[in-house]
Amino acid sequence: MALGYSQGAGAYQQVRTGGGVEAADPHGLITMLMDGALERMRFARGCIATGNVAGKGEAISKAIEIIGALQAALNHEVGTPLVAQLEGLYDYMNRRLLHANLHSDSQALDEVSRLLGQIRDSWVAIPVEARQVAGAGA
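Residues numbered from 1 in each chain as written. Predicted model: local features only at pLDDT ≥ 70, side-chain atom pairs only at ≥ 80, totals over all residues. Heavy atoms only, no water.

Draft legend 1. Geometry of the overall build of the protein chain. When helices and strands are counted, the protein chain shows 6 helices and 0 strands. Sequence-ordered secondary structure for the protein chain, helices as α and strands as β, is α-α-α-α-α-α. Of all 138 residues assigned to the protein chain, the portion counted as buried reaches 40%. Counting only contacts in the protein chain whose residues sit at least 6 apart along the sequence, the fraction spanning at least 24 positions is 70%. Carbon and sulfur atoms form 54% of the exposed surface of the protein chain, whose accessible area is close to 7200 Å². (Helix = DSSP H or I, 4+ residues; strand = E, 2+ residues; numbered from the N terminus. Buried < 20%, exposed > 50% of the residue type's maximum accessible area, 1.4 Å probe, protein only. Contact = heavy atoms within 4.5 Å. Areas by Shrake-Rupley, 256 points an atom, 1.4 Å probe, with all protein chains shown as cover.)

As C-alpha cells, then:
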C-alpha cells in the first residue's frame, strides 16, 4: 500500500456506532474493527486445531461480518484507486474465510490474517495530522 497517508485515511467515511465506542474517533473505530477480525481469526485457528467446529464457524462468521463492515465503511467518493483496491481485497478475504470455514483450512486463515494485518499496520501508521484532515473530508 504505497498510497499517501491522507488518501488512506480518506478511504473510510466516518463511522458512527453506539455502545462503548462512541468516544472513539473514526480512525480508532476502523482500527478496532480490524483488531476484532484478527482476534476472531486467531480464535478460529485454535478451534480448528482442537476440533471445535461450532466455535470455528461462529468465529469465522464474525470475522466475515467485520470485514463486511470495513468494506461498507469505504468512502467511494474519495478520488483514489485505493478504495477499489480495498473493496476487491475485502471481497477476496471473505471468499478465503468462507473456504477456511468449509474446509477447516488454517492456511487460508493465516493468509487473510496476514493481508488484514498489513492493512492494519498501514492504517495505524497514518500520522495524526493526516487522519484529522482526511477525516474532515470523508
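Draft legend 2. Quick peek at the nonpolar core. The biggest cluster of nonpolar side chains holds 30 residues, and the ones touching the most others in it are Met34, Met41, Tyr90, Leu97, Leu109 and Leu116. Mapped onto this core, the elements with two or more residues apiece are α2 (26-50), α3 (53-72), α4 (81-103) and α5 (106-124). (Core = buried A, V, L, I, M, F, W, Y, C linked by side-chain atoms within 4.5 Å.)

Draft legend 3. Region of interest: the pattern of salt bridges. Using the criterion set out here, one finds 4 salt bridges in the structure. Across the pair Glu39 and Arg42 runs a salt bridge whose closest N-O atoms are separated by 2.9 Å. Of this pair, Glu39 and Arg42 are both found in helix α2, 3 residues apart, which corresponds to roughly one turn of the helix. Given the relative accessible area of 46%, Arg42 is considered partly exposed. (Salt bridge = Lys/Arg side-chain N within 4 Å of Asp/Glu carboxyl O.)

Draft legend 4. Quick look at the environment of Met32. On the secondary structure map, Met32 appears in helix α2. In the structure, Met32 is positioned 34 residues away from Ile66 in sequence and 10.0 Å away in space, judged by C-alpha atoms.

Draft legend 5. Structural view of the side chain of His27. Tracing the backbone shows His27 in helix α2. Residue His27 is classed as buried on the basis of its relative accessible area, which comes to 8%.

Draft legend 6. Just the confidence of the model for the protein chain, in detail. Mean pLDDT over the protein chain stands at 83; residues scoring 70 or higher make up 78%. Across residues 1-20 the pLDDT falls below 50, and counting only partners more than four positions away or on other chains, this stretch makes 58 contacts in the model. Under a pLDDT of 50 for its full length, residues 133-138 has, in the predicted model, 10 contacts with residues more than four places off or in other chains. (pLDDT = per-residue confidence, 0-100.)

Draft legend 7. Structural detail: α2. Over its 25 residues, α2 runs 37 Å from end to end, which matches the ideal 36 Å to within 8%, given 1.5 Å per residue. Among the residues trailing α2, Gly51 stands out with phi positive, at a value near 80°. (Expected span 1.5 Å × (residues − 1).)

Draft legend 8. Examining the environment of Gly51 more closely. With respect to the helices, strands and loops of the structure, Gly51 is situated in the loop between α2 and α3. Residue classification places Gly51 among the exposed positions, given a relative accessible area of 51%. As for Gly51 and Ser104, which are separated by 53 residues in sequence, their C-alpha atoms are 9.1 Å apart.

Draft legend 9. Representation of the environment of Glu111. Within the element layout of this structure, Glu111 appears in helix α5. The class of Glu111 is buried, set by a relative accessible area of 19%. A sequence separation of 15 residues divides Glu111 from Arg96, and the C-alpha atoms of the two residues are 8.2 Å apart. When near neighbours in sequence (up to four residues on either side) are disregarded, Glu111 contacts Tyr92 and Arg96. Side chain to side chain, Glu111 and Arg96 meet in a polar contact 2.7 Å long. (Polar contact = N/O pair within 3.5 Å; in protein donor to acceptor, adjacent residues only side chain to side chain.)

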